[in-house]
Amino acid sequence: MNVTRGFTGRPRVQNPGLPPGQYDAGDDWPVLSAEVTPDIAPEQWTFRIDGLVERPRSWDWAQAHALPASAYEGAIHCVTSWSKFGVRFSGVSLDAFLAEAGPLPSATHAVAWSHTGYTTNLPLADLTGGRAWIAFGYDGRPLPAEHGGPARLLVPHLYFWKSAKWIAGLRLLDHDEPGFWERNGYHERGNPWEEQRYSGD
Ligand SMILES: Nc1nc2c(c(=O)[nH]1)N[C@H]1C(S)=C(S)[C@@H](COP(=O)(O)O)O[C@H]1N2
Ligand SMILES: [Mo]
């Protein structure tokens with residue numbers, strides 16, 4: 001028998017996909033909600049884009065699903081320090097919705113709001129270029145209500161508080177306007193790679 005001495009286990013390799021100060025939550029998917037989980041039937045759900053756009057409009061479930069399907073597979077990062085890898089969301093790229101609404105050149109920021117009243121602000125540039133979705137599905141199934149079903153915003157390159165659950169709309173603005181957590185000390189952008197956790201980081 002061949003025994004290798006001095007070998008005390010698997011080498012510890014830092015996951016290159018893990019932003020600073022984060023840990024890998026593995027199979028866990030914590031639920032973080034400021035509100036009671038609402039019961040929103042897909043037939044009741046609507047999504048609206050207004051503010052600084054040429055054509056303010058709303059989409060219902062069928063209209064949103066008539067847009068080209070787009071999926072995200074990758075990681076999500078919560079500011080409370082868990083990251084989750086290999087998540088699979090399905091939905092529609094925000095680019096498809098924005099193309100129909102037509103952002104005005106003066107639009108620089110957006111406030112996303114939920115059917116529950118939750119809000120969060122984002123630079124418009126973080127919502128375009130194939131990096132943001134309205135997600136309806138998770139792992140091949142409808143998105144569970146506690147995770148924002150029937151539909152949530154998904155902006156996985158920013159901390160997950162920007163991904164408003166039970167998404168109801170986006171208002172495009174020519175200035176930044178803090179949302180729920182941002183008024184309570186969280187960062188206006190929330191880039192996990194720069195550890196933009198709190199205002200001033
Ligand atoms: N409407 C709404 N959206 C929300 C939140 C919330 O409290 N309400 N919490 C945010 C935070 S802090 C995180 S980390 C994620 C949590 O999503 P999850 O519960 O699916 O993990 O949703 C974000 N979107
Ligand atoms: Mo979070």
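The name an unreviewed UniProt entry gives the protein is Sulfite oxidase-like oxidoreductase, with Streptomyces griseosporeus as the organism.

## Here's the deal with the overall build of the protein
Tallying secondary structure elements over the protein gives three helices and 11 strands in all. When the helices and strands of the protein are read in sequence order from the N terminus, they spell out β-β-β-α-β-β-α-β-β-β-β-β-β-α. Structurally, the protein occupies a C-alpha span of about 75 × 40 × 30 Å along its principal axes. Counting every position in the protein, which comprises 201 residues, the buried fraction comes to 46%. Considering only contacts within the protein whose residues lie at least 6 apart along the sequence, 68% involve residues at least 24 apart. A gap of 6 Å separates the mean positions of the 17 positive and 23 negative side-chain charges of the protein.

## Section: the site of ligand 1
Neighbouring residues of ligand 1: 21 residues in total, closest Pro30, Ala34, Glu35, His147 and Lys165. Note that an oxygen atom of ligand 1 is positioned 2.8 Å from one of the side-chain N or O atoms of arginine 152. Computed on the free molecule, ligand 1 has an accessible area of 530 Å², of which 98% lies beneath the protein chains in the complex.

## Re the UniProt feature "domain: Oxidoreductase molybdopterin-binding" (unreviewed entry) in the protein
Listed under "domain: Oxidoreductase molybdopterin-binding" (unreviewed entry) in the UniProt record, and renumbered for this structure, are residues 37–181. The distance from the first to the last C-alpha atom of residues 37–181 is 18 Å, and the span holds 10% helix and 41% strand.

## What about the pattern of salt bridges?
Summed over the entire model, instances satisfying the criterion amount to nine salt bridges. For aspartate 126, the salt bridge goes to arginine 131, with nearest N and O atoms at 3.5 Å. Here aspartate 126 falls in the buried class, since its relative accessible area comes to 2%. Given a relative accessible area of 33%, arginine 131 falls into the partly exposed group. Residue glutamate 182 is joined to lysine 162 by a salt bridge in which the shortest nitrogen-to-oxygen separation is 2.8 Å. Here glutamate 182, found in helix α3 (residues 180–183), pairs with lysine 162, found in the loop between β10 (152–154) and β11 (167–173); they are 20 residues apart in sequence, far enough to count as distant. The burial state of glutamate 182 is the same as that of lysine 162; both residues are buried. Residues joined by salt bridges that share partners form a network here, namely Arg48, Asp50 and Arg171.

## A few points about the packing of aromatic side chains
Two descriptors summarise a pair of aromatic rings, namely the distance from one centre to the other and the angle between the planes of the rings. Using the criterion set out here, one finds 18 aromatic pairs in the structure. On the numbers, 5.8 Å between centres and 15 degrees between planes, the contact of tyrosine 159 with tryptophan 161 is stacked. The pair formed by tyrosine 159 and tryptophan 161 is uniform in burial state, with each residue classed as buried. Taking 5.2 Å as the distance between ring centres and 65 degrees as the angle between the ring planes, the aromatic pair formed by tryptophan 161 and tyrosine 186 counts as edge-to-face. Note that tryptophan 161 is positioned in the loop between β10 and β11 and tyrosine 186 in the segment after α3, a separation of 25 residues in sequence. The exposure class of tryptophan 161 is buried, given its relative accessible area of 8%. Above the plane of the ring of tryptophan 113 lies arginine 171, whose end atom (NZ or CZ) is 4.8 Å from the centre.

## A short note on the nonpolar core
With 37 residues, the main nonpolar core has Phe47, Ile49, Phe97, Ile134 and Leu153 as its most contacted residues. Contributions of two or more residues to this core are made by β2 (46–51), α2 (94–101), β6 (109–114), β8 (133–138) and β11. With near-sequence residues (within four places) excluded, leucine 153 lies in contact with Leu94, Ala112, Leu122, Leu127, Trp133, Ile134, Lys162, Ser163, Ala164 and Ile167. Ranked by size, the runner-up nonpolar core spans 14 residues in total, among them Trp29, Tyr72, Ala135 and Tyr138.

## Structural notes on the environment of proline 38
By secondary structure assignment, the location of proline 38 is in the loop between β1 (23–24) and β2. As a C-alpha pair, proline 38 and glutamate 146 span 108 residues in sequence and 8.3 Å in three-dimensional space. Ignoring anything within four residues of it in the chain, the contact list for proline 38 reads Thr116, Ala145 and Trp166.

So, how was this worked out
- Residues numbered from 1 in each chain as written.
- Chains lettered and ligands numbered in written order.
- Predicted model: local features only at pLDDT ≥ 70, side-chain atom pairs only at ≥ 80, totals over all residues.
- Heavy atoms only, no water.
- Helix = DSSP H or I, 4+ residues; strand = E, 2+ residues; numbered from the N terminus.
- Buried < 20%, exposed > 50% of the residue type's maximum accessible area, 1.4 Å probe, protein only.
- Contact = heavy atoms within 4.5 Å.
- Lys, Arg positive; Asp, Glu negative; His and termini not counted.
- Charge placed at Lys NZ, Arg CZ, Asp CG, Glu CD.
- Near = heavy atom within 4 Å.
- Polar contact = N/O pair within 3.5 Å; in protein donor to acceptor, adjacent residues only side chain to side chain.
- Areas by Shrake-Rupley, 256 points an atom, 1.4 Å probe, with all protein chains shown as cover.
- UniProt positions renumbered as here; feature names shortened; annotations may be inferred.
- Salt bridge = Lys/Arg side-chain N within 4 Å of Asp/Glu carboxyl O.
- Phe/Tyr/Trp six-rings, centres within 6.5 Å; stacked < 30°, edge-to-face > 60°.
- Lys NZ or Arg CZ within 6 Å of the ring centre and 35° of its normal.
- Core = buried A, V, L, I, M, F, W, Y, C linked by side-chain atoms within 4.5 Å.

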